[in-house]
Amino acid sequence: MKGRINDILPRVAKPARYTGGELNSIRKPLDETSVRIALAFPDVYEVGMSNLGLRILYHVLNSQPRFAAERVFAPAFDMEEEMRNADIPLFSLESSLPVGSFDLVGFSLAYEMCYTSVLNMLDLAHIPQLASDRTDDHPIIIAGGHCTSNPEPMADFIDAFAIGDGEEVILDIARVYEANKGNRAHVLQALAGIDGVYVPSVHGTQLEKPVIQSRVVLDLERAQFPDKLIVPFTEAVHDRVALEIMRGCSRGCRFCQAGMITRPVRERSLPTLCEQATELLSKTGYEEIALTSLSSADHSQIRDIVHTLIDQHEKDKVGISLPSLRADAECVHLAADIQRVRKSGLTFAPEAGSQRLRDVINKNVTEDDLLGAVEAAVDCGWRRIKLYFMVGLPIETDDDLRGIGELVTKVIDIGRRHRAPLMLNVTISPFVPKPHTPFQWRGMVPMEELERRIALVRPLLRGKNISLSWHDPRCSRIEAALARGDKRLGNVIHESWRNGGNLEQDCFNYDRWQAAFDKAGLDIADFANADLPTDAPLPWDHISVGVSKKFLARENEKADSAENTPDCRSGKCSACGVKEALAGAFGQTIECRPPVRFAVPETKTCAVDMTTSPLAGEGRGEGAPARVLITFRKGEGARWLGHLDLMRVFERAVRVSGIDIAYSEGFNPHPKMSIASALPLGATADRELITINVHRPVDVKDMVARLQRALPEDVSLVSAEILSDNKRGPTIIGSELIVSVAFPDDESASMLGPAVDALLSQSEIIIERESGKKRRTIDLRPGISSLNLVEPPVDTGARIAVTLPHLEFTVKPAEIVQALGKFVPGIRMVSIHRVALITGDSVVPV
């Protein structure tokens, strides 16, 4: 199937999303394993590859010899269209096998609006969407993630839900499948016996559903964590080392589902985090470490973690980032320490404009905290700040909304007082009630009222220094309905998918959802907007995430009087019920207090010896910089890497190999290296040039050997040499291309020879070239030195030889095929191979 996939890749954007083969990906011989698992993320590649949970499960499963895990992501719309037209089923990245041939398919449900994408992926995989329609010939479909805290809306489509921490339960699921494979009914019955697994076809048929207690990794220090991460070819949303420093949050924000369902708080120790960071950097080449958690600044040793990691990795230009910061001056000064290596933005989330409303939601942040943080930020040099607010919160008034404008004005005034104008990015999101939170009983504000409130706030946030954005209230309303829904919503989700629902983040359509609710005879308001009594049965009552319903009801009541509940890690126990739930379910006792502090490890120096002879830069003085010119070959497996993708591959390979590369100056230093000429997307090549500036002397042969080990298999180094100070070195002045093309039929193929002659006989070949939103007309003819057939067309394919000089513009092979299309209907480009035309000094093989 790999060949059929390659046939359609020239016609889609970012084809590297679909090729696999990235650094640290794992491809096992599937015939030597007993259970094959497809880890499916219902969004596009660059979003899914940023998900730490998927990376952890990939590591946990592939660490077992008998199990093989491969990845699959939702194709973008253009790729989906090509797959359906070519009848190519959804496939895994590692082996390009149809997802329907796997034993288990595990979906990550991180967000309610991904539900239609799950159904679309099942349809693309030729797997029945309804669990009741599947037979022994189909995979078992499992799902995990935060949305499984209310599994009922997706219960018609998912065979088994893994509740809680996935790495705690995934091996149990795989082993149970292994012991019962071949009989779907036996597998599902056995899965229902695993703690933390909800099987709708088994548990849902019982007179009274048993309570499923979520699985919890209690000892995060000893929990499995990847010792290497897959490094995407194409840039991911969060393209960095994600170091999970803690899990859970005890701050108790009453709207926050993540903070409630991930209790208790568990930390990793400083020595473990330093060891993991060093290991991951050495195997990925990333230039940034993100200290991830729900509230990273709450780690009991966060300052020691930040300073130690900076001290250990600053010399390698590795930056540290804190994705979540409290709005206080102490956190700002911590963030300022991070700026020593790389500059980053600063984000605060006051959530509400008045202190009264912040007390209602138990935010535990005062106006003085926020303004003090901004004051400290300005003192430390920040000029751009992001602020997040919510609208539609319980018992919110117009005065609370006006408070958003007043608070933002005070922030702007701080910049003026310091004569340091601030640029503010303000984001407003509607409040969405979620299961297992104190506000699960509170209905969402009606859509029309939400729109009125946003309209009230907008004029208050006008100004040349303020950029305002807000989330679509209609999308938030559907999210709320799905979050609080029951099994009846399965029909709604299915109908929305039938009418085109998919990748809702990009193509949300409220009318489509409204029509789906209407067809099911359901009212969105009953799920999204209705207030519920605290003693009412809820669709998710059979799922226990630890916090008790009694605690949630008590917190909901305290909201009415704007009464705070302190963080139980620093104050008294808030009696949330987690201790009792875990003790009752698993006989485990936990401690919610901060752990014992760990000693700060000594800073380790780089173990790579960069001083062996012969030396690049020898004779220039100790430590003099040098330029190394390398010729490389780009093979079939790397053809879909774009120019920027290829640059990232080399940058990270340089880091992994330990080469002491020189860096640019400035706020965000970059490695000093350049590829001589950008290859057309989809091209293979034999004589490409890259120049790498090394910071101090290096053994060239050793450098090439280490660099090759860190590169993908189909990027191979051919030769290298040291460039002297006065030596410019070879440059690429043109391209000789072999372009393979295909035709719809023999008649079209026979037209190619005359078409080539006709094209070359023209004095002008005018086309429109599009770049972003701009279009310009160009004449291709001066940019084509020669164009001829390599041999007569064979069947419905042919090869064309093209010579293109590099002028002010360079003709693209696709543009030549486009021009030939005026004479040869249906002609399409299949592949490109380039041999660069090089002038200058020759390159010495190594």
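As a reminder, the structure under discussion sits directly above these lines.
Just so we're clear, the structure is a prediction, and the values are computed from it rather than from any experiment. (Residues numbered from 1 in each chain as written. Predicted model: local features only at pLDDT ≥ 70, side-chain atom pairs only at ≥ 80, totals over all residues. Heavy atoms only, no water.)

Student: Quick rundown of the packing of aromatic side chains? Include the residues and the values.
Tutor: All chains considered together, the criterion is met by five aromatic pairs. Ring geometry for Y45 versus F73: centroids 5.4 Å apart, planes at 80 degrees, classification edge-to-face. Here F73 lies in strand 2 (residues 67–73) and Y45 lies in helix 2 (residues 45–48), a separation of 28 residues in the sequence. Each ring, one from F161 and one from Y198, has its centre 6.1 Å from the other, and the planes form 25 degrees; the classification is stacked. (Phe/Tyr/Trp six-rings, centres within 6.5 Å; stacked < 30°, edge-to-face > 60°. Helix = DSSP H or I, 4+ residues; strand = E, 2+ residues; numbered from the N terminus.)

Student: How would you explain the sheet that holds strand 1 (residues 35–41) if you had to name every residue and give the values?
Tutor: Taken in spatial order, the six strands make up an open sheet running 2-1-3-4-5-6, and their pairing is mixed. A strand with exactly one partner marks an edge of an open sheet, and here the two such strands are strand 2 and strand 6 (197–198). Strand contacts of helix 5 (residues 115–124): strand 1, strand 2, strand 3 (104–108) and strand 4 (140–144), with the helix running at about 155 degrees to strand 3, the strand carrying the most contacts. (Pairing = 2+ DSSP bridges. Contact = heavy atoms within 4.5 Å. Axes fitted to C-alpha atoms, helices over the stretch in contact; angles between N-to-C directions.)

Student: Any details on helix 12 (residues 329–338)? Residues and values, ideally.
Tutor: If you check which residues of helix 12 are buried, you get C331, V332, L334, A335 and I338. Down the axis of helix 12, the buried side of the element spans an arc of 160 degrees, and every buried residue falls inside it. Where helix 12 is buried, its residues contact helix 11 (302–313), strand 12 (319–321), strand 13 (346–351) and helix 14 (367–379). (Buried < 20%, exposed > 50% of the residue type's maximum accessible area, 1.4 Å probe, protein only. Arc of directions from axis to C-beta.)

Student: Lay out the pattern of salt bridges in plain terms, naming residues and giving numbers.
Tutor: A complete count under the given rule lists 61 salt bridges for this structure. K434 is the partner of E479 in a salt bridge, and the nearest nitrogen-oxygen pair spans 3.1 Å. One end of the pair, E479, is in helix 17 (residues 473–483); the other, K434, is in the loop between strand 15 (423–430) and helix 16 (447–457), with 45 residues separating them in the sequence. A relative accessible area of 13% places K434 in the buried class. Each of D165, E167, E244, R247, R266 and R268 takes part in a single network of salt bridges with overlapping partners. (Salt bridge = Lys/Arg side-chain N within 4 Å of Asp/Glu carboxyl O.)

Student: Can you lay out the sheet that holds strand 14 (residues 384–391) for me, pointing to particular residues and giving the numbers?
Tutor: Pairing within the open sheet is parallel, and its four strands lie in the order 13-14-15-16. Since the sheet does not close on itself, it has two edges, and those belong to strand 13 and strand 16 (466–470), each with one partner. Sheet twist, expressed as the mean angle between neighbouring strand axes with direction ignored, is 20 degrees. The sheet strands contacting helix 14 are strand 13 and strand 14, and the helix crosses strand 13 at an angle near 170 degrees.

Student: Summarise the pairing of strand 4; cite the residues concerned and give the values.
Tutor: The two faces of the sheet receive side chains in turn, since in a regular strand these alternate between them. Most of strand 4 is tucked away, with five of its five residues classed as buried. Residue alternation in strand 4 divides its side chains into two sets, I140, I142 and G144 and I141 and A143, and both sets are buried. Where strand 3 meets strand 4, five bridges bridge the pair, whose relative direction is parallel. Within strand 4, the position partnered with S108 by the bridge is G144. Once the chain exits strand 3 it traverses helix 5 before rejoining the sheet at strand 4, and the crossover so formed is right-handed. Bridging between strand 4 and strand 5 (residues 160–162) involves two bridges; their strand directions are parallel. Paired with I142 across the two strands is A160, which belongs to strand 5. (Right-handed = clockwise from strand over helix to strand, strands pointing away.)

Student: Tell me about the side chain of S354, residues and numbers included.
Tutor: Mapped onto the elements of the fold, S354 is located in the loop between strand 13 and helix 13 (355–360). Within the structure, the side chain of S354 is placed 3.1 Å from the backbone nitrogen of L357, a separation counted as a polar contact. Separated by 2.5 Å, the side chains of S354 and D400 make a polar contact. (Polar contact = N/O pair within 3.5 Å; in protein donor to acceptor, adjacent residues only side chain to side chain.)

Student: Mind laying out the nonpolar core, listing which residues take part and the relevant values?
Tutor: Of all hydrophobic cores here, the largest spans 186 residues; its most connected members are F107, L191, L291, F348 and F517. In this structure F107 touches A40, V118, M121, L122, I141, I142, A143 and G144, once residues within four positions along its chain are discounted. (Core = buried A, V, L, I, M, F, W, Y, C linked by side-chain atoms within 4.5 Å.)

Student: How would you explain the side chain of S250 if you had to name every residue and give the values?
Tutor: Considering the arrangement of structural elements, one finds S250 in the loop between strand 9 (246–247) and helix 9 (257–261). Given the relative accessible area of 7%, S250 is considered buried. A polar contact of 2.6 Å, which involves the side chain of S250, links it to the side chain of D567. When sequence neighbours within four positions are dropped, the list of residues in contact with S250 reads R263, V265, D567, C568 and R569.

Student: I'd like to hear about the pairing of strand 24 (residues 774–779), residue by residue, with values.
Tutor: Pairing analysis gives six bridges linking strand 23 (residues 766–771) to strand 24, with the strands arranged antiparallel. What sits directly across from S771, in strand 24, is K774.

Student: Please set out the packing of helix 16 against helix 17 residue by residue, giving values where relevant.
Tutor: Across the interface, helix 16 lies against helix 17 with an axial gap of 10 Å and an inter-helix angle of 140 degrees. By the angle between their axes, helix 16 is oblique relative to helix 17. Note on packing geometry: the crossing formed by helix 16 with helix 17 is right-handed. Facing M447, L450, E451 and I454 of helix 16, the residues of helix 17 in contact are P473, R474 and R477. (Parallel < 35°, antiparallel > 145°, perpendicular 65-115°, else oblique. Left-handed = near helix turned anticlockwise from the far one by under 90°.)

Function cannot be inferred from these measures alone, as they are strictly geometric.
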